[in-house]
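Summary of structural features
One letter stands for each residue in the lines below.
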Amino acid sequence: MSVHSKLYEGKAKIIYSTEDPEILLADFKDDATAFNAQKRGSITGKGNMNCIISSKLFQELESLGVKTHYVDSLKPNQMRVKAVKIVPIEVVVRNIAAGSLCQQTGLPLGTALKQPLVEFYYKNDQLGDPLLTRDRILLLELAKPEQVDEITHLALQINQFLIGFFQRCDITLVDFKLEFGLDSQQQILLADEISPDTCRLWDTSAANDPDRRVLDKDRFRRDMGNVENAYQEVLNRVLKAVETNNN
Ligand code: UDP
């Protein structure tokens, strides 16, 4: 496969064109950023680990009928994806209160939500990814009303799958962020990645230990140490769960 030019370099991935205009190559980097890129660093092996975790989760979702941008993965840190126009909305689903939900509402960290909460944030670094309302999405024409409905439905469906999948990994899915894109037929596909960079994942068997339970990017954000080990642990458990599922 010949790779042509670098189309875009984001905080965690580089996107290259391929010989097929419908297919792009996503190259996952070890670079890590937090707090709107005010904190920068590197997590050794993260590119490989996030790409493999995301590939496995996309494959599992595809087998359940959820359409994703995933095509295949020929190298550990590279994923071939369908070219989509990214909807500039970060869709966050929460099962347990953490992060900005606690900061903005006063809900104590770890509060189990009675039902999953779906939130939308404007994918706009200059504005600091502000929280959106449905009416603001329509006002800014970021998506059409029926697209907002479909994205909400998909986000909840993906949440149900991920809760169950991670349960089998002895991991509690606290919250996560999704991005969606439109393909050339205007179909909505799940895009970007699902990884410890974009999910809060707590080790269920260490649920009451606020340090040991954290298996995600919060270890980097909050300088908790053992970042690589946490990502590796998630990868190992995901691979084991996929293997058991397929046998
Ligand atoms: N998240 C993400 N990218 C972002 C913002 C959030 O992947 O730009 C993920 C984050 O890892 C967490 C969830 O979305 O799993 C909810 O994040 P929150 O709004 O609590 O933001 P934060 O605590 O990162 O400020």
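Residues numbered from 1 in each chain as written. Predicted model: local features only at pLDDT ≥ 70, side-chain atom pairs only at ≥ 80, totals over all residues. Heavy atoms only, no water.

1. What to know about the overall build of the chain
Spelled out, the test is: Going along the chain from the N terminus, every DSSP run of H or I of four or more residues is numbered as a helix, and every run of E of two or more is numbered as a strand. Note that the radius of gyration is over C-alpha atoms, with the globule rule given as 2.2 Å times the number of residues to the power 0.38. Partly exposed residues are those whose accessible area sits between 20% and 50% of the maximum for their type, while under 20% is buried and over 50% is exposed, using a 1.4 Å probe and protein chains only. Whether two residues are in contact is decided by their heavy atoms, any of which lying within 4.5 Å being enough. Every accessible area reported is derived by Shrake-Rupley at a probe size of 1.4 Å, with residue values counting cover from the shown protein chains alone. Charge counting follows a simple rule: Lys and Arg are positive, Asp and Glu are negative, and His as well as the terminal groups are ignored. By convention, the point assigned to a charge is CZ for Arg, NZ for Lys, CD for Glu and CG for Asp.
Each helix and strand in the chain was counted, giving six helices and 14 strands. Relative to the globule expectation of 18 Å for 247 residues, the C-alpha radius of gyration of the chain, 17 Å, shows essentially globular dimensions. Put simply, the chain has 247 residues, and 51% of those count as buried. A separation threshold of at least 6 residues defines the contact pool for the chain, and within that pool the share at least 24 residues apart is 54%. Approximately 12300 Å² of the chain is accessible, and the part contributed by carbon and sulfur atoms is 50%. Side-chain charges of the chain comprise 30 positive and 35 negative groups, with the mean position of each set lying 3 Å from the other.

2. Observations regarding the pattern of salt bridges
Put simply, the rule reads: A pairing counts as a salt bridge when a side-chain nitrogen of Lys or Arg comes within 4 Å of a carboxyl oxygen of Asp or Glu.
Overall, the coordinates contain 23 salt bridges when judged by the stated rule. The partner of Lys11 in a salt bridge is Asp125, with the nearest N and O atoms 3.3 Å apart. Highlighted residues: Lys11 in the loop between strand S1 (3–9) and strand S2 (13–18) and Asp125 in the loop between strand S10 (112–122) and strand S11 (131–132), separated in sequence by 114 residues. Judged by relative accessible area, Asp125 falls into the partly exposed class, the value being 43%. A salt bridge links Arg80 to Asp72, with the shortest nitrogen-to-oxygen separation between them at 2.8 Å.

3. With respect to the side chain of Arg237
Within the element layout of this structure, Arg237 appears in helix H6 (residues 227–246). In this structure, Arg237 is in contact with Cys169, Asp170, Ile171, Asp203 and Leu215, ignoring residues within four places of it in sequence.

4. A short note on the nonpolar core
Applicable threshold: Residues belong to one nonpolar core when they are buried, are Ala, Val, Leu, Ile, Met, Phe, Trp, Tyr or Cys, and are joined through side-chain atoms within 4.5 Å.
Within the largest apolar cluster, 59 residues are counted, with the highest numbers of intra-cluster contacts made by Ile158 and Phe166. Examining the composition of this core, we find that nine residues originate from one element, helix H4 (residues 145–168), more than from any other. Excluding anything up to four places from it in sequence, Phe166 contacts Leu57, Ile171, Leu173, Leu201 and Val238. In terms of nonpolar packing, the next biggest core, distinct from the first, is built from six residues, Ala98, Val174, Trp202 and Met224 among them.

5. Thoughts on the packing of aromatic side chains
Rules: Pairing of aromatic rings covers Phe, Tyr and Trp, the last counted by its six-membered ring, and requires centre-to-centre distances within 6.5 Å; plane angles under 30 degrees mean stacked, over 60 mean edge-to-face, and any other angle means tilted.
As enumerated under the stated definition, the model contains three aromatic pairs in all. An angle of 40 degrees between the planes, with centres 5.7 Å apart, marks the rings of Phe161 and Phe165 as tilted. Linking Phe161 with Phe165, this pair stays in helix H4, spanning four residues, or about one helical turn. Both residues of the pair, Phe161 and Phe165, count as buried. On the numbers, 5.8 Å between centres and 85 degrees between planes, the contact of Phe165 with Phe166 is edge-to-face.

6. Describing the pairing of strand S4 (residues 31–34)
The following threshold applies: Here, any two strands with at least 2 DSSP bridges between them count as paired.
Pairing analysis gives four bridges linking S4 to strand S5 (residues 39–42), with the strands arranged antiparallel. Counterpart to Ala32 in the pairing with S5 is Gly41. A loop of four residues connects S4 with S5, the two strands running antiparallel in sequence, and Phe35 in this loop sits at a positive phi of about 50 degrees.

7. So, unusual backbone geometry
Phi at Phe35 takes a positive value of approximately 50 degrees, unusual for a residue other than glycine. Relative to the helices and strands, Phe35 resides in the loop between S4 and S5. Even without glycine at this site, Asn226 takes up a positive phi of about 55 degrees. One can find Asn226 in the loop between helix H5 (218–221) and H6.

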